[in-house]
Number of protein chains: 2
Amino acid sequence: MNGADRLCDTLLVNGVDVCFANPGTSEMHFVAALDRKPQMRCVLGLFEGVVTGAADGYARMADKPAATLLHCGPGMANALANMHNARRAWTPMINVVGDHATYHLQHDAPLTSDIESLARPMSHFVRRIESAQDVGPAIEEAYVASLTLPGVTTVILPADCAWNSLEPAELKPATLPALKSIDGATLREVAAGLRKHGKRAAIMLTGLALREQPMEMAARICAATGAQIFAQMSNGRIQRGVGRVAIPKVYYPVDMALAQLKDVDYLVLVGAQVPVGFFAYPGKPGRLVHEGCEVTALARPGDDLPGAIDALADEIGARKSAPAFIAPPRTEIPALPTGKLDADKACAIVSTLLPENCIVADESVSSGRMFYFDCHSAPQHDYIQLTGGAIGEGIPLAIGAAVACPDRKVVAMQADGSGMYTVQGLWTQAREKLDIVTVIFANRTYQILHGEMRAVGVNDFGRNATLMLNLDEPALDWVQMARGMGVEAARATTAEEFADLFKAALKRKGPFLIEAVI
Amino acid sequence: MNGADRLCDTLLVNGVDVCFANPGTSEMHFVAALDRKPQMRCVLGLFEGVVTGAADGYARMADKPAATLLHCGPGMANALANMHNARRAWTPMINVVGDHATYHLQHDAPLTSDIESLARPMSHFVRRIESAQDVGPAIEEAYVASLTLPGVTTVILPADCAWNSLEPAELKPATLPALKSIDGATLREVAAGLRKHGKRAAIMLTGLALREQPMEMAARICAATGAQIFAQMSNGRIQRGVGRVAIPKVYYPVDMALAQLKDVDYLVLVGAQVPVGFFAYPGKPGRLVHEGCEVTALARPGDDLPGAIDALADEIGARKSAPAFIAPPRTEIPALPTGKLDADKACAIVSTLLPENCIVADESVSSGRMFYFDCHSAPQHDYIQLTGGAIGEGIPLAIGAAVACPDRKVVAMQADGSGMYTVQGLWTQAREKLDIVTVIFANRTYQILHGEMRAVGVNDFGRNATLMLNLDEPALDWVQMARGMGVEAARATTAEEFADLFKAALKRKGPFLIEAVI
């Protein structure tokens, strides 16, 4: 056996059995080893942004990392934007980046680059493998780090470390260290703060705290103390829908977010960051809580977030309280909109028809900004979204979710400008016959930037701004592009057409794309 | 005026009047400033790899840098692979990367990342702008560096440095420092070496040495001394065709390259690197010249390469020698092949029909490996190619060349797997009505990797290797994809169909894509 075999075996013994890949020459021994492991599911992406975005979506739903196979520095460079999103979602991921043989690096061959420098900004953990013998320890270390930091790990695999021989060995699953629990002093301080501030307190959650049970427990604390509850602006995954906590996210527009948080004098963070503006705007604050707001971290990423909430509930004596903010059933199913299609109508139709137990992958950007809030009382579903602002995450995210959950429908809400970044992912959806219905919000513009330009004080656009902000001339034909990659597709220009297509797409299995011309 | 205005003015006063762009919120003031400068040509790419690949193609043909506009670390991350290719081509480029306002970075907002760490491996020069007042000096410094290093420069523009005010000023074009000329001792040493080794010597060129005049002068030296002449394996641009020097490139397959260079005992580098294997292979050498070969650098990148060749010709007394290796006219136009299309037939047809003064943008990878050698006696043309091995350069390279040379036909030789990396570029070709005929070599596989797998000793592929190396199931329909992005397209499955389509494409203006099913 060789180092590449050990790499596969180490992944498999730890239950990592999906590898999203785009290989190159320096990974041929890795590919050959994967070929000897039929129990590993290998999924090809035709661009590395698809690969890491899919690994992100997979792990958010599977709660374990996928491996990726990337080719040298430039291949990983293509993967970085979605590694960035995964990093912001605290998604476990094990990227394996092939590099030249150790002794070949000195020659500065054309594909050579400083992989560590590229990897570090988008990885929580970076490690270069030193030898074939080092492969197993490095991969195990990355696996443990991915689940305990938690986050994105990147392991650099020189070609000779993959092809050199080593002795077979019996491998055992890695032991994961216990997560850090919360000390009593912090619990007492937070409990006192919540009691003191009552309804002018808020709890802000992210990560594993946004699953059904810990969120419900947090809502019991809210019921007992009067506190508000929020999710971060962007989160890896939220379990939601009727009967679960109707948790608001922090708004993206700064003024809306400031209004949303203006009454919060005491903010308890559970894995979350202090809410800040996605961007700075002249004359507007960066922090979205007011200056007098006291902020305290109950738990940080990598801590046992559900455990922290449980412990706080105990401290407060809220375990038996009825949870606040539970989403009630819809009193009536709203009538579907009609007439010329627009973004709001498309969102309303999706929200109304959303199937039970589906996964919503949301990169609708400006078109679907209120869609999340419209779905509090929809049938229960998982909501995964763009986290780091690096557009081009939606199509791959849907791929990963569908690979992780083959029996669940994935509804991908996709802005057109963002979708073009990783449009190649549609081919992977077709090849893997993934059960994804993609809604393209075809407004044929970077709509969000029109708003941002106005925020900058520019209302009349000249030729250059128009050229840079609009996607028309020519209009993208998503139906043809999707079909060109093997995905069935159709176009809707009225709400009726859209509703009919969406209903039909829900009834079938496999990928389908609807171009919603809005 | 503000910092963004100064940025545009500094570019324009130095003749940089093309900006390939994909903007985001942090660049809105830059966009607004560009909107006030109609003399700047702004070209939108729907993905940042298109943006920098196009800037690379532009500068290779225009001999001056384009600017790019990139959005934060993740936007630049998407641009890195083609920055890598540009770096390997020594292409002048000025990347302007927007970042958060200086005072907003402390908040670690979602799009925040370590831009410098990401930029450095793919840039020759990285500089963060400190204030609005610093914008002019920083851009001028980058401009000078781009032309004198020469290479890829990256300037980070915090949003507040763009939006803050500053006083108008009268700007002057930057003064470029004189390039380093070659000292007499080196000239005498190289001249002696060439005389001593005669036909067992070789001159290896890249960069500006591969233009018609310096290459011809190098060929005079060859005629006078008996030396061979080579271009690097990959080069930014070669001026070639009938009546020019028929310069061989170093082969990609290691065994072929070793055979090609086995008789070279003395190698003179003019801007070139010592030839090395693109990858390491077990048991094969990394350097492609034999161990006893003496290697000497006449000139390095950034030196005056044409001047070095002139000086060497003077030293040798070769200025009046008739140049060696001049490509003779074709004695007869070969008959066009017929029957079922394959890669060789498609290449032969393109080579035979190649129009005078066109630009060939080559990312044909395995399909066109011998195409270059078949075109020595074709009508005169410029040849630009993938340089750094980061696939996804071809479609953008053609864009940039067509923007730089609107009166010349661009023939893009494009492998299908590589083409998918930046397929979004087809839309820019349509929007800008660029005169490009793209030939897609649709072998529906990463063909190069089949050879590499065999080199690794794997001849029978199982399911996982097949999944990762083949692009079929489903086959990509390039005609639909191209039309979906506004580019007219057609498919050829026979040599006759291909020849007819290629002839028709040459007669019309504007983008056209031929899917050559091989």
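Scope of this entry: the structure provided in the associated data block. (Residues numbered from 1 in each chain as written. Chains lettered and ligands numbered in written order. Predicted model: local features only at pLDDT ≥ 70, side-chain atom pairs only at ≥ 80, totals over all residues. Heavy atoms only, no water.)

Looking only at helices and strands, one finds 20 helices and 17 strands in chain A. In terms of overall dimensions, chain A is globule-like: its C-alpha atoms have a radius of gyration of 24 Å, near the 24 Å expected for 518 residues. Its C-alpha atoms give chain A principal-axis dimensions of about 65 × 60 × 45 Å. Looking at the 518 residues of chain A, the share that counts as buried comes to 67%. The long-range share in chain A, meaning contacts at least 24 apart out of those at least 6 apart in sequence, stands at 80%. Total accessible area on chain A is roughly 16600 Å²; 51% of this is exposed by carbon and sulfur atoms. Across chain A, the mean location of the 47 positive side-chain charges is 5 Å away from that of the 56 negative side-chain charges. (Helix = DSSP H or I, 4+ residues; strand = E, 2+ residues; numbered from the N terminus. Rg over C-alpha atoms; globule rule 2.2 N^0.38 Å. Buried < 20%, exposed > 50% of the residue type's maximum accessible area, 1.4 Å probe, protein only. Contact = heavy atoms within 4.5 Å. Areas by Shrake-Rupley, 256 points an atom, 1.4 Å probe, with all protein chains shown as cover. Lys, Arg positive; Asp, Glu negative; His and termini not counted. Charge placed at Lys NZ, Arg CZ, Asp CG, Glu CD.)

On to the environment of Ala430 of chain B. Inspection of the secondary structure puts Ala430 of chain B in helix H16 (residues 425-431). Note on Ala430 of chain B: relative accessible area 12%, which makes it buried. Note: C-alpha distance between Ala430 of chain B and Leu312 of chain B (118 residues apart in sequence) is 46 Å. Beyond its immediate stretch of four places on either side in the chain, Ala430 of chain B contacts Pro474 of chain A together with Met485, Gly486, Val487 and Pro511 of chain B.

With that settled, the discussion passes to the packing of helix H1 (residues 3-13) of chain B against helix H2 (residues 28-35) of chain B. For any two helices packed against each other, one specifies the crossing angle of their axes together with the interaxial distance. All names here are of chain B. As a packed pair, H1 and H2 sit with axes 8 Å apart at the nearest point and diverge in direction by 50°. Relative to H2, the element H1 lies oblique. Judged by the sense of rotation from one axis to the other, the crossing of H1 with H2 is right-handed. For the pair H1 and H2, the contacting residues are Ala4, Asp5, Leu7 and Cys8 in the first and His29, Phe30, Ala33 and Leu34 in the second. (Axes fitted to C-alpha atoms, helices over the stretch in contact; angles between N-to-C directions. Parallel < 35°, antiparallel > 145°, perpendicular 65-115°, else oblique. Left-handed = near helix turned anticlockwise from the far one by under 90°.)

Our next topic: the pattern of salt bridges. In total, this model carries 60 salt bridges over all chains according to the counting rule given. Here Asp108 of chain A makes a salt bridge to Arg88 of chain B, at a shortest N to O gap of 2.7 Å. Here Asp108 of chain A, found in the loop between strand S4 (93-99) and helix H5 (115-119), pairs with Arg88 of chain B, found in helix H4 (residues 72-89), and the two come from separate chains. Asp108 of chain A sits in the partly exposed class, given a relative accessible area of 31%. Looking at Arg88 of chain B, the relative accessible area reads 12%, which means it is buried. As a salt-bridge pair, Lys509 of chain A and Asp435 of chain A come within 3.7 Å of each other at their nearest N and O atoms. With Lys509 of chain A in the loop between helix H20 (495-507) and strand S17 (512-517) and Asp435 of chain A in the loop between helix H16 (425-431) and strand S15 (436-442), the pair connects residues that are 74 residues apart, well separated along the chain. Residue classification places Asp435 of chain A among the buried positions, given a relative accessible area of 9%. Sharing partners across several salt bridges, the network here consists of Asp63, Arg211, Arg237, Asp382 and Arg408 of chain A. (Salt bridge = Lys/Arg side-chain N within 4 Å of Asp/Glu carboxyl O.)

Moving on, we get to the sheet that holds strand S2 (residues 41-44) of chain B. Residues and elements named next belong to chain B. Spatial strand order, S2-S1-S3-S4-S6-S5: 6 strands in an open sheet with parallel pairing. The sheet is open, and its two borders are formed by S2 and strand S5 (125-128), each paired with just one other strand. In this sheet, adjacent strand axes meet at a mean angle of 20° when their direction is disregarded. Strand direction decides the pairing type here: S5 and strand S6 (residues 152-158), joined by 4 bridges, are parallel. Paired with Arg127 across the two strands is Val155, which belongs to S6. (Pairing = 2+ DSSP bridges.)

All names here are of chain A. On strand S1 (residues 18-21), burial covers both faces: Val18 and Phe20 on one face and Cys19 and Ala21 on the other are all buried. Two elements, S1 and strand S2 (residues 41-44), share 4 bridges in a ladder whose sense is parallel. From the neighbouring strand, Ala21 faces S2, where its bridge partner is Leu44. The β-α-β motif built from S1, the intervening helix H2 (residues 28-35) and the parallel element S2 has right-handed crossover chirality. Relative to strand S3 (residues 67-71), S1 runs parallel, the two being bridged by 3 bridges. Within the sheet, the bridge partner assigned to Cys19 lies in S3 and is Ala67. (Right-handed = clockwise from strand over helix to strand, strands pointing away.)

Moving on to the relation of the copies chain A and chain B. Note on the copies: chain A fits chain B at an RMSD of 0.0 Å, the axial shift is 0.0 Å, and the rotation between them is 180°. Here the two chains are linked by the operation of a two-fold rotation axis. Residue by residue, 100% of the interface of chain A is reproduced at the interface of chain B, so both copies engage with the same surface. (Least-squares fit on C-alpha atoms with pLDDT ≥ 70 in both.)

If you look at the biggest cluster of nonpolar residues, it comprises 204 residues, and the most contacted ones within it are Phe20 and Leu80 of chain A together with Phe20 and Leu80 of chain B. Setting aside anything within four residues of it in sequence, one finds Phe20 of chain B in contact with Val43, Val51, Ala54, Ala55, Tyr58, Ala66, Ala67, Thr68, Leu69, Ile399, Gly400 and Val403 of chain B. (Core = buried A, V, L, I, M, F, W, Y, C linked by side-chain atoms within 4.5 Å.)

Across the contact, 102 residues belong to chain A and 102 residues belong to chain B. In total, chain A and chain B occlude about 8200 Å² of area from one another, counting both sides; carbon and sulfur atoms represent 65% of this. Per-residue buried area on chain A facing chain B is highest for Pro110, Tyr421 and Met468 of chain A; these three make up 9% of the total on that side. Where chain A meets chain B, there are 4 salt bridges. Arg431 of chain A is paired through a salt bridge with Asp472 of chain B; the nearest N and O atoms lie 3.8 Å apart. Broken down by element, the side of chain A that touches chain B gets its largest block of residues, 10 residues, from helix H4 (residues 72-88) of chain A. Residue classes in the side of chain A that touches chain B are distributed as 56 nonpolar, 30 polar and 16 charged. (Buried area = accessible area lost by both parts, 1.4 Å probe. Nonpolar A, V, L, I, M, F, W, Y, C, P; charged D, E, K, R; others polar.)

Let's shift gears to the packing of aromatic side chains. A complete count under the given rule lists 17 aromatic pairs over all chains for this structure. When the ring of Tyr372 of chain A is compared with that of Phe373 of chain A, the centres are 5.3 Å apart and the planes differ by 85°; the resulting orientation is edge-to-face. The class for Tyr372 of chain A is buried, based on a relative accessible area of 0%. On the basis of relative accessible area, Phe373 of chain A is assigned to the buried category, the value being 17%. An aromatic cluster of at least three residues, connected via ring pairs, comprises Phe47 and Tyr421 of chain A together with Phe47 and Tyr421 of chain B. Note that Arg240 of chain A overlies the ring of Tyr383 of chain A, its terminal NZ or CZ placed 5.7 Å from the centroid. If you follow Arg240 of chain B out to its NZ or CZ, it ends over the ring of Tyr372 of chain B, 3.7 Å from the centre. (Phe/Tyr/Trp six-rings, centres within 6.5 Å; stacked < 30°, edge-to-face > 60°. Lys NZ or Arg CZ within 6 Å of the ring centre and 35° of its normal.)

As a further point, take the environment of Leu7 of chain B. All names here are of chain B. Note that Leu7 resides in helix H1. Residues Leu7 and Arg408, 401 residues apart in the sequence, show an inter-C-alpha distance of 31 Å. In this structure, Leu7 is in contact with Phe30, Val96, Val135, Ile139 and Leu157, ignoring residues within four places of it in sequence.

Residues and elements named next belong to chain B. With mixed pairing, 7 strands are arranged side by side in an open sheet as S9-S13-S12-S14-S15-S17-S16. With one partner strand each, in any of the chains shown, strand S9 (238-240) and strand S16 (488-492) form the two edges of the open sheet. Each strand axis lies, on average, 20° off the axis of its neighbour in the sheet, ignoring direction. With 5 bridges connecting them, S16 and strand S17 (residues 512-517) associate as parallel partners. Paired with Ala489 across the strands is Leu513, a residue of S17. Contacts from helix H14 (residues 394-404) reach strand S12 (359-363), strand S13 (381-385), strand S14 (410-415) and strand S15 (436-442) within the one sheet, and its direction differs from that of S14 by about 170°.

A few words on unusual backbone geometry. Cis rather than trans, the peptide bond between Glu473 of chain A and Pro474 of chain A has omega equal to -5°. With respect to the helices and strands, the residue Pro474 of chain A is situated in the loop between helix H18 (463-469) and helix H19 (478-484). A cis geometry characterises the amide bond from Leu149 of chain B onward to Pro150 of chain B, with omega recorded as -20°. Its place among the elements puts Pro150 of chain B in the loop between helix H6 (132-148) and S6. For Asp63 of chain B, which is not a glycine, the phi torsion comes out positive at approximately 55°. As for its position among the elements, Asp63 of chain B is in the loop between helix H3 (48-62) and strand S3 (67-71). The phi dihedral of Phe325 of chain B falls on the positive side, at around 65°, and the residue is not glycine. Looking at the element boundaries, Phe325 of chain B is found in the loop between helix H11 (305-316) and helix H12 (343-353). Overall, the relative accessible area of 33% leaves Phe325 of chain B in the partly exposed class.

We now examine H4 of chain B. For H4 of chain B, built from 18 residues, the straight-helix expectation of 26 Å at 1.5 Å per residue is met to within 8% by its first-to-last C-alpha distance of 25 Å. Directly beyond the C-terminal end of H4 of chain B, a positive phi value near 55° is found at Trp90 of chain B. (Expected span 1.5 Å × (residues − 1).)

Before going further, it helps to spend a moment on the packing of helix H3 (residues 48-62) of chain A against H4 of chain A. Residue and element names in this part refer to chain A. The interhelical angle for the contact between H3 and H4, taken along N-to-C directions, is 30°, at an axis separation of 7 Å. Our classification of the angle between H3 and H4 gives roughly parallel. Between H3 and H4 lies a crossing whose hand is right-handed. Across from Glu48, Gly49, Thr52, Gly53, Asp56 and Arg60 in H3, the residues of H4 making contact are Gly75, Asn78, Ala79, Asn82, Met83, Asn85 and Ala86.

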